[in-house]
Amino acid sequence: MAEAYKKAKLITTAGAVGGFVGFQNLHTTNQNVTISGSFIYGITGACGAQPITINVNAGDLIPLNCTSITPATANVLGFLA
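Residues numbered from 1 in each chain as written. Predicted model: local features only at pLDDT ≥ 70, side-chain atom pairs only at ≥ 80, totals over all residues. Heavy atoms only, no water.

1. Concerning the sheet that holds strand 5 (residues 61-71)
In step 1: Taken in spatial order, the 6 strands of this open sheet run 1-6-2-5-3-4, and their pairing is antiparallel. One side of each edge strand has no neighbouring strand; the edge strands of this open sheet are strand 1 (8-11) and strand 4 (52-56). Across this sheet, the average inter-strand angle for adjacent strands is 50 degrees, counted without regard to direction. (Pairing = 2+ DSSP bridges. Helix = DSSP H or I, 4+ residues; strand = E, 2+ residues; numbered from the N terminus. Axes fitted to C-alpha atoms, helices over the stretch in contact; angles between N-to-C directions.)

2. Section: the pairing of strand 5
In step 1: By the bridge criterion, 6 bridges tie strand 2 (residues 16-25) to strand 5 in an arrangement that is antiparallel. If you follow Phe23 over to strand 5, its bridge partner there is Ile62.
In step 2: Of the strand pairs in this sheet, strand 3 (residues 31-36) and strand 5 are connected by 4 bridges, and their pairing is antiparallel. For Ser36, the partnering residue across the bridge sits in strand 5 and is Ser68.

3. So, the environment of Gly48
In step 1: Among the secondary structure elements, Gly48 is positioned in the loop between strand 3 and strand 4.
In step 2: The class for Gly48 is partly exposed, based on a relative accessible area of 40%.
In step 3: Those residues in contact with Gly48 that sit more than four places away from it in its chain are Gly37, Ser38 and Ile40. (Buried < 20%, exposed > 50% of the residue type's maximum accessible area, 1.4 Å probe, protein only. Contact = heavy atoms within 4.5 Å.)

4. Quick look at the state of the cysteines
In step 1: Applying the stated rule across the entire model yields 0 disulfides.
In step 2: Residue Cys47 stays outside any disulfide, its sulfur separated by 13 Å from that of Cys66, the closest cysteine. (Disulfide = S-S within 2.5 Å.)

5. Here we look at the side chain of Gln31
In step 1: Mapped onto the fold, Gln31 is located in strand 3.
In step 2: One polar contact links the side chain of Gln31 to the main-chain amide nitrogen of Ala72, over a distance of 3.4 Å.
In step 3: At 3.0 Å, the side chain of Gln31 and the backbone nitrogen of Ala74 are in polar contact.
In step 4: Discounting residues that sit within four places of it in the chain, Gln31 has contacts with Asn25, Ile54, Asn55, Val56, Pro71, Ala72, Thr73, Ala74, Asn75 and Val76. (Polar contact = N/O pair within 3.5 Å; in protein donor to acceptor, adjacent residues only side chain to side chain.)

The values reported here are purely geometric and, on their own, carry no functional implication.
So this is what it looks like as structure tokens:
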């Protein structure tokens, strides 16, 4: 995973689609970030069936495999697979 963190993409509130292995909240406060992908399990337990939204603290690094990231209020840094 450390190698993947050498490749990154700035993601605005418009969102981005691609292969991601994590992201970091660049905002100075908490914000909601919506993620989806084949490795994300929704509230029904189905794999990749629906996006989920998580609340991320300022500066937090979230390691996960996903294909779509959409921050609610400010930019995040998406780490490319």
